Amino acid sequence: MLIARRHKNVIDEFVAAEDSAPENNNRYGRPTRIFMPNVIARWPWPRRINPNYAVVGKEATAWMTSFRAFSPKAQDAFNRCDFNLLASLAYPTASKEHVRAGCDVMHVFFTLDEYSDRSSPSDVRKQKEVILDALRNPHIPRPKGEWIGGEMARQFWELTIQNATVVSQKRFIQYMDEYLDGVVQEAIDKKDRHILDIKSYIDARRRTSGVKPSFSIIELGLDIPDEVMSHPTIQEMILAAGDMVAFANDIFSYNVEQLRGDDLHNIITCVMNEHHTDVNGAMLWVEDFLLEIGEKFHAALAALPQWEEPLNSQVKEFCHGLGHWVRALDDWSFESERYFGNKGLEIKEDRWMSLLPKKSAGVTEIGPVHVDSSLL
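Not measured: the values here are computed from a predicted model.

Caption draft 1: Spatial organisation of the packing of aromatic side chains. Summed over all chains, the structure comprises 26 aromatic pairs. Considering the side-chain rings of Phe83 and Phe110, the 4.1 Å spacing of their centres and the 20° angle between planes classify their relative orientation as stacked. In this pair, Phe83 sits in helix H4 (residues 83–90) while Phe110 sits in helix H5 (residues 96–117), placing the two residues 27 residues apart along the sequence. When its relative accessible area of 14% is taken as the criterion, Phe110 is described as buried. Within the aromatic cluster, the residues linked to one another by ring pairs are Phe70, Phe78, Phe83, Phe110, Tyr115, Trp147, Phe252, Trp332, Phe334, Tyr339 and Phe340.

Caption draft 2: Expanded view of helix H9 (residues 198–208). Taken as a whole, H9 has its buried residues at Ile198, Tyr201, Ile202, Ala204, Arg205 and Thr208. Residues of H9 that are buried in the fold lie against helix H8 (166–191), helix H12 (232–259), helix H13 (267–275) and helix H14 (279–302). Two to three positions downstream of the cap, the backbone nitrogen of Lys199 sits 3.2 Å from a side-chain oxygen, assigning the N-cap of H9 to Asp197. At the exit of H9 stands Gly210, carrying a positive phi of roughly 75°.

Caption draft 3: Broad picture of the pattern of salt bridges. This model, assessed by the stated rule, comprises 26 salt bridges. Salt-bridge contacts for Glu335 lead to Arg47; the nearest nitrogen and oxygen are separated by 2.9 Å. With Glu335 in helix H15 (residues 311–335) and Arg47 in the loop between strand E1 (33–35) and helix H2 (53–65), this pair connects stretches of sequence that are 288 residues apart. You can call Glu335 partly exposed: its relative accessible area is 30%. One salt-bridge network, held together by shared partners, links Asp117, Glu186, Lys190 and Asp262.

Caption draft 4: How the structure looks around the confidence of the model for the chain. Taken residue by residue, the chain gives an average pLDDT of 91. The fraction at 70 or more is 91%. Low pLDDT (under 50) marks residues 1–23, which in the prediction has 36 contacts with non-local residues, meaning those over four places away or in another chain.

Caption draft 5: Looking closely at unusual backbone geometry. The amide bond that connects Glu309 to the next residue, Pro310, takes the cis arrangement and shows omega of 5°. Along the chain, Pro310 falls in the loop between H14 and H15. A positive phi angle, near 50°, is found at Asp82, a position not held by glycine. Here Asp82 shows up in the loop between helix H3 (72–80) and H4. A relative accessible area of 19% means that Asp82 is categorised as buried.

Caption draft 6: Region of the structure containing the side chain of Ser253. With respect to the element layout, Ser253 can be found in helix H12. Judged by relative accessible area, which is 2%, Ser253 ranks as buried. Not counting the four nearest positions on each side in its chain, Ser253 is found in contact with Asn266 and Tyr339.

Caption draft 7: How the structure looks around the environment of Glu219. Tracing the sequence through the fold places Glu219 in the loop between helix H10 (211–216) and helix H11 (226–229). Exposure remark for Glu219: the relative accessible area of 1% places this residue in the buried category. With 48 residues separating them along the chain, Glu219 and Arg171 place their C-alpha atoms 9.7 Å apart. For Glu219, the residues in contact, after removing those within four places along its chain, are Thr165, Ser168, Arg171, Met229 and Phe318.

Caption draft 8: The arrangement of the nonpolar core in detail. Ranked by size, the top nonpolar core spans 116 residues in total, and within it Met106 and Phe318 carry the most contacts. For this core, the element with the highest residue contribution is H12, accounting for 14 residues. Excluding its chain neighbours within four sequence positions, the residues that come into contact with Met106 are Phe83, Leu86, Ala87, Tyr91, Ser214 and Trp325.

Caption draft 9: Representation of the packing of H12 against H13 in the model. At a closest axis distance of 8 Å, the pairing of H12 and H13 adopts a crossing angle of 85°. In terms of orientation, H12 lies roughly perpendicular with respect to H13. Side by side, H12 and H13 meet where Phe247, Asp250, Ile251 and Tyr254 of the first sit next to Ile267, Ile268, Thr269 and Met272 of the second. Residue classes in the contact of H12 with H13 are distributed as six nonpolar, one polar and one charged.

Caption draft 10: Examining the packing of helix H6 (residues 121–136) against H8 more closely. One way to put it is that H6 packs onto H8 with a least axis distance of 9 Å and a crossing angle of 170°. When the interaxial angle is binned, H6 and H8 end up roughly antiparallel. Contacts between H6 and H8 involve Pro121, Val124, Arg125, Lys128, Ile131, Leu132, Leu135 and Arg136 from the first element and Phe172, Ile173, Met176, Asp177, Leu180, Asp181, Val183, Val184, Ala187, Ile188 and Lys191 from the second. A breakdown of the residues in the contact of H6 with H8 according to their chemical character gives 13 nonpolar, no polar and six charged.

Caption draft 11: Expanded view of the side chain of Thr269. Positionally, Thr269 belongs in helix H13. Overall, the relative accessible area of 9% leaves Thr269 in the buried class. Setting aside residues no more than four positions away along its own chain, Thr269 makes contact with Ile195, Tyr254, Asp263 and Leu264.

Scoring rules and cut-offs
- Residues numbered from 1 in each chain as written.
- Predicted model: local features only at pLDDT ≥ 70, side-chain atom pairs only at ≥ 80, totals over all residues.
- Heavy atoms only, no water.
- Phe/Tyr/Trp six-rings, centres within 6.5 Å; stacked < 30°, edge-to-face > 60°.
- Helix = DSSP H or I, 4+ residues; strand = E, 2+ residues; numbered from the N terminus.
- Buried < 20%, exposed > 50% of the residue type's maximum accessible area, 1.4 Å probe, protein only.
- Contact = heavy atoms within 4.5 Å.
- Polar contact = N/O pair within 3.5 Å; in protein donor to acceptor, adjacent residues only side chain to side chain.
- Salt bridge = Lys/Arg side-chain N within 4 Å of Asp/Glu carboxyl O.
- pLDDT = per-residue confidence, 0-100.
- Core = buried A, V, L, I, M, F, W, Y, C linked by side-chain atoms within 4.5 Å.
- Axes fitted to C-alpha atoms, helices over the stretch in contact; angles between N-to-C directions.
- Parallel < 35°, antiparallel > 145°, perpendicular 65-115°, else oblique.
- Nonpolar A, V, L, I, M, F, W, Y, C, P; charged D, E, K, R; others polar.

In structure tokens form, the structure reads like this:
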């Protein structure tokens, strides 16, 4: 059974259909079909893509592949995720140089994600130290034999800072430090097989999602001082947009994560555990949660103060960039092969997919694997 939704506008037809459709459940009551909520159906920022996507994407893919971070099979799966598409959707108005920075940092993030998922907490801590040292010393090549993520981060940052304001550089390093701290703690929780309560997980996910350093790419060409960026209204928008991205990503990634036994750090698992519900009950809980977050974002945007020009225009550009990021995550999740193989657009239309059968043993090879669309 689905847990009661927190809003009054319960979709009675949906609940009735779920309860009366035996094909959606197996003999033990575990759902075999997963509902994909649409939390941005009324999101006012439309899909937009950076006009430099094709050219910059090709360059960024060649750069990332040159590091040979994965086996050929895993690299092919990584490329099918098309992180260049994510960056080009997330930064649709950015210059060629800045969207290239977006592509490269997505490759850094998701490479770290693949390695940290297969590493011990002590190794993840070393990965954090390597990346931070590389970012703080971008003109010094990394030592031979070091984990490849360090040289990848160094080259990304050495190129990026050529076209980045000083204040945006400072904030990016600060946000990366916070993000990497969260990744280390995530590795500890996974090692201990610890499922966090919902509140604790929300706090943790706000660090591990990497949204704040991702958002700082929006401001590479902007010069917004700390006293303005720290304004409560702007901080409310950053928090709300970050939650929209992070927890929507949990919705989209849950199926492949539970397939691989890597779903402990996911809000769907936390809600199922805390509220004693099934996956669809958790999906509805997160849908309600994100709809409320979306309302907070719009309220903060409406309350945004005015500053003198050109600062006011820069603040608006940054805030609308947050709106583009929320839309981008949704579009990319269905258009790439990261979570749904080649069935993404079909699932986006139907909002249902099959629960993938759990593998008997965890995935040990570092790197993503192809999603078998025939099972969805």
